[in-house]
Amino acid sequence: MKAHDGMYIDGAWRPAAGTGTIEVTNPADGTLLATVPAGGPEDVAAAVRAARAALPGWAATPPAERAARLDALRRILTDRREEIARTVTAELGSPLTLSQKVHAAVPIAVCTGYAELAAAYSFEERLGNSLVLREPVGVVGAITPWNYPLHQIVAKAAPALAAGCTMVLKPAEDTPLVAQLFAEAVDEAGVPAGVFNLVTGLGPVAGQALAEHEDIDLLSFTGSTAVGRRIGAAAASGVKRVALELGGKSANVVLPGADLAKAVKAGVANVMSNSGQTCSAWTRMLVDSERYEEAVRLAAEATAKYTTGDPLDEATRVGPLVNAAQRERVTGYIERGREEGARLVAGGAEPPEGAERGHYVRPTVFADVTPGMTIAQEEIFGPVLSLLKYEDTEDALRIANGTVYGLAGAVWSEDEEEAVAFARRMETGQVDINGGRFNPLAPFGGYKQSGVGRELGVHGLEEYLQTKSLQL
Ligand code: NAD
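Predicted model only: the values in this text are computed from it and were never measured.

Caption draft 1: Fine view of the sheet that holds strand β14 (residues 343–346). What the seven strands build is an open sheet, ordered β14-β15-β16-β13-β12-β17-β18; its pairing is mixed. The strands lining the two open edges of the sheet, one partner per strand, are β14 and β18 (432–433). Strand direction decides the pairing type here: strand β13 (residues 284–288) and strand β16 (residues 384–390), joined by five bridges, are parallel. Within β16, the position partnered with Met285 by the bridge is Leu387. Sheet contacts for helix α11 (residues 324–339): β14, β15 (364–369) and β16; angle to β15, the most-contacted strand, approximately 30 degrees.

Caption draft 2: Looking closely at the packing of aromatic side chains. Throughout the structure, instances matching the rule amount to five aromatic pairs. Aromatic pair Tyr121 and Phe123: ring centres 5.0 Å apart, planes at 75 degrees, arrangement edge-to-face. Side by side, Tyr121 and Phe123 carry an identical accessibility label, which is buried. Taking 5.6 Å as the distance between ring centres and 75 degrees as the angle between the ring planes, the aromatic pair formed by Trp146 and Phe381 counts as edge-to-face.

Caption draft 3: Seen up close, the nonpolar core. Membership of the largest hydrophobic core comes to 65 residues, with the highest contact counts inside it found for Leu70, Leu73, Met167, Phe182 and Phe196. Each of domain 1 (6–246 + 449–471) and domain 2 (251–440) gives at least three residues to this core. The residues touching Phe182, leaving out its near neighbours within four places in the chain, are Leu73, Leu77, Leu150, Ile153, Val154, Ala157 and Phe196. In terms of nonpolar packing, the next biggest core, distinct from the first, is built from 28 residues, Val369, Ala400, Val411 and Phe422 among them.

Parameters at a glance
Residues numbered from 1 in each chain as written. Predicted model: local features only at pLDDT ≥ 70, side-chain atom pairs only at ≥ 80, totals over all residues. Heavy atoms only, no water. Pairing = 2+ DSSP bridges. Helix = DSSP H or I, 4+ residues; strand = E, 2+ residues; numbered from the N terminus. Contact = heavy atoms within 4.5 Å. Axes fitted to C-alpha atoms, helices over the stretch in contact; angles between N-to-C directions. Phe/Tyr/Trp six-rings, centres within 6.5 Å; stacked < 30°, edge-to-face > 60°. Buried < 20%, exposed > 50% of the residue type's maximum accessible area, 1.4 Å probe, protein only. Core = buried A, V, L, I, M, F, W, Y, C linked by side-chain atoms within 4.5 Å. Domains from an automatic or database assignment.

Any functional reading would require information that these geometric values do not contain.
Here's what the structure looks like:
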């Protein structure tokens with residue numbers, strides 16, 4: 001695949017300061033797709049300088065003009081959506097149909113939303129004798145992971161640009177190609193030089209240099225809790241704002257009386273999608289003791305339909321994991337589940353048949369999982385579902401809330417009011433009621449160790465604003 005051999009800084013592709021490179025490989029077969037430069041502190045410094053220099057002009061650009069640039073960006077991403085889908089499939093390994101429906105379509109929807117919001121949002125309001133101004137925070141450092149690579153970039157870049165901020169993006173090392181495509185689109189959309197800058201590189205080198213850079217005003221990070229904690233600490237010592245979107249271990253609570261077949265089918269689909277590499281996946285399914293065995297049977301049956309295979313094959317529902325380390329991590333958790341006494345009812349740690357190449361893992365379901373087990377507490381980030389049994393709704397709530405995470409969740413009930421009442425007591429940032437569908441305008445983010453701050457919609461925009469009051 002074609003790749004740029006430089007960094008997008010100050011409106012042009014420029015040579016990297018060093019000579020290091022990152023090899024981008026196809027997780028389905030291990031072939032080399034491209035190499036991109038591995039940036040270091042000098043590249044980050046050049047990008048931050050460009051963003052700082054561009055800030056006064058972009059911050060003073062009327063919101064309607066910023067909206068027009070985002071609208072142009074939306075149009076370019078829409079024109080290039082098939083290329084986006086194919087790029088994500090090549091570097092992430094997600095089935096092409098998923099890449100089209102989610103990896104390409106969701107960022108376009110988010111960009112559309114911010115183009116509209118930038119034009120409609122009220123950046124000033126009167127409050128008694130005060131005029132309250134909502135001004136851009138300043139220069140944003142954005143660090144993103146590989147699992148929804150374009151979505152996570154757009155969920156930061158679109159609101160940052162709408163707010164009048166300038167930014168430097170450091171994308172994940174596994175998926176830099178779609179990030180380069182995004183930079184091309186920003187350029188073509190006529191966003192002024194320096195407003196958006198891209199530095200590809202390794203997390204502990206380029207990522208860390210960005211997180212620790214003195215001239216960043218807000219650091220927005222999506223990734224693991226372990227790295228998020230370090231970024232939060234670096235931001236605190238520099239008195240910078242920080243937004244963290246971290247891991248999850250979300251509960252899918254099937255209340256007694258809910259349509260069990262529908263809830264289990266949707267629950268399995270939710271976990272297996274994107275090979276389970278979804279931070280908000282409902283990886284714990286909670287079912288009452290009376291219907292528990294039926295749920296186990298339904299989950300195993302549903303999982304059998306999730307065939308692994310070539311992401312370009314239309315019959316494939318589960319592609320490989322992103323890299324070998326991720327596969328080792330996931331199979332390690334599957335082995336741990338067996339050792340701790342969970343009952344394996346589908347899948348397992350051995351590779352799927354015929355998968356000699358590629359980082360494939362069998363879609364796996366564990367029954368008899370108890371709340372204290374590792375597979376009920378830690379984020380696995382693979383196609384692995386844990387089924388837990390509860391005695392009554394208070395027990396279900398205790399189990400649902402009984403992890404350090406709180407990113408998402410689901411509740412199923414024949415009575416929507418009962419489901420909503422249960423969801424109100426869940427310590428988590430998003431809950432889908434009876435399969436309520438994804439809303440790109442709804443705030444997304446974590447309670448507890450799942451993060452700090454919210455992305456998407458107006459809540460996401462406001463993360464990139466700071467307020468000033470003028471008393472008249
Ligand atoms: P990761 O934390 O290792 O990497 C994420 C990003 O941080 C990458 O760009 C990486 O290069 C960079 N990075 C790594 N070390 C760094 C350091 N020392 N300093 C600065 N940057 C550094 O995570 P990952 O393995 O790539 O992604 C998977 C994790 O991300 C999962 O735990 C998942 O739950 C989480 N995630 C959360 C959300 C969310 O919205 N809450 C979304 C997607 C993924």
